[in-house]
Amino acid sequence: VQLQASGGGLVQAGGSLRLSCALSGRSFREYDMAWFRQVPGKEREFVATIRLSGGSTYYAESAKGRFSISRDIAKNTVYLQMNSLKPEDTALYYCAAGARVIISSRTRESAYDVWGQGTQVTVSS
């Protein structure tokens with residue numbers, strides 16, 4: 001199973017980006033999907049997740065109202081639409097996949113089995 005993230009880049013504050021993460025090697029229907037981000041010197045932090053069953057979503061407080069996670073099952077791809085970007089959103093963004101993630105653990109790195117390589121998002125002020 002592999003995850004390939006893309007869509008990062010440089011954007012001005014207030015702008016938008018859409019990240020994509022394609023899963024290959026297994027059926028997309030087997031996994032809950034999530035996005036995390038990491039700034040050098042800091043721990044990786046949870047951003048958003050979407051469950052395989054029903055497609056319910058959950059966001060970090062920092063992402064609520066600005067970011068939207070979605071999925072295209074036919075394309076085996078999950079997206080993170082990021083609007084109203086702020087300089088503090090600058091980070092390396094990772095997508096992750098977990099089989100049968102327990103709801104109480106959905107914000108933890110340890111809940112996810114497969115990780116993509118990361119895509120850099122830089123927001124200038």
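Look up: the structure comes first, before these words.
What you see is a predicted model, and the numbers here were worked out from it, not measured in a lab.

## As for the overall build of the protein chain
Looking only at helices and strands, the protein chain features zero helices and eleven strands. The secondary structure elements of the protein chain, listed N-terminal to C-terminal, are β-β-β-β-β-β-β-β-β-β-β. Scaling as 2.2 N^0.38, a compact globule of 125 residues should have a C-alpha radius of gyration of about 14 Å, and the protein chain matches this with 13 Å. Reported as C-alpha extents along the three principal axes, the dimensions of the protein chain are approximately 40 × 30 × 25 Å. In the protein chain, the proportion of contacts linking residues at least 24 apart, taken out of those at least 6 apart, comes to 57%. Surface exposure of the protein chain reaches about 6,400 Å², of which carbon and sulfur atoms provide 45%. The positive charge centre, built from 15 side chains, and the negative charge centre, built from 10, are 4 Å apart in the protein chain.

## Observations concerning the environment of Gly15
Checked against the element boundaries, Gly15 lands in the loop between β2 (9-12) and β3 (17-24). Expressed as a C-alpha distance, the spacing of Gly15 and Gln81, which sit 66 residues apart in the sequence, is 11 Å. Once residues within four sequence positions are removed from consideration, Gly15 is found in contact with Met82, Asn83, Ser84 and Leu85.

Thresholds, definitions, all that
Residues numbered from 1 in each chain as written. Predicted model: local features only at pLDDT ≥ 70, side-chain atom pairs only at ≥ 80, totals over all residues. Heavy atoms only, no water. Helix = DSSP H or I, 4+ residues; strand = E, 2+ residues; numbered from the N terminus. Rg over C-alpha atoms; globule rule 2.2 N^0.38 Å. Contact = heavy atoms within 4.5 Å. Areas by Shrake-Rupley, 256 points an atom, 1.4 Å probe, with all protein chains shown as cover. Lys, Arg positive; Asp, Glu negative; His and termini not counted. Charge placed at Lys NZ, Arg CZ, Asp CG, Glu CD.

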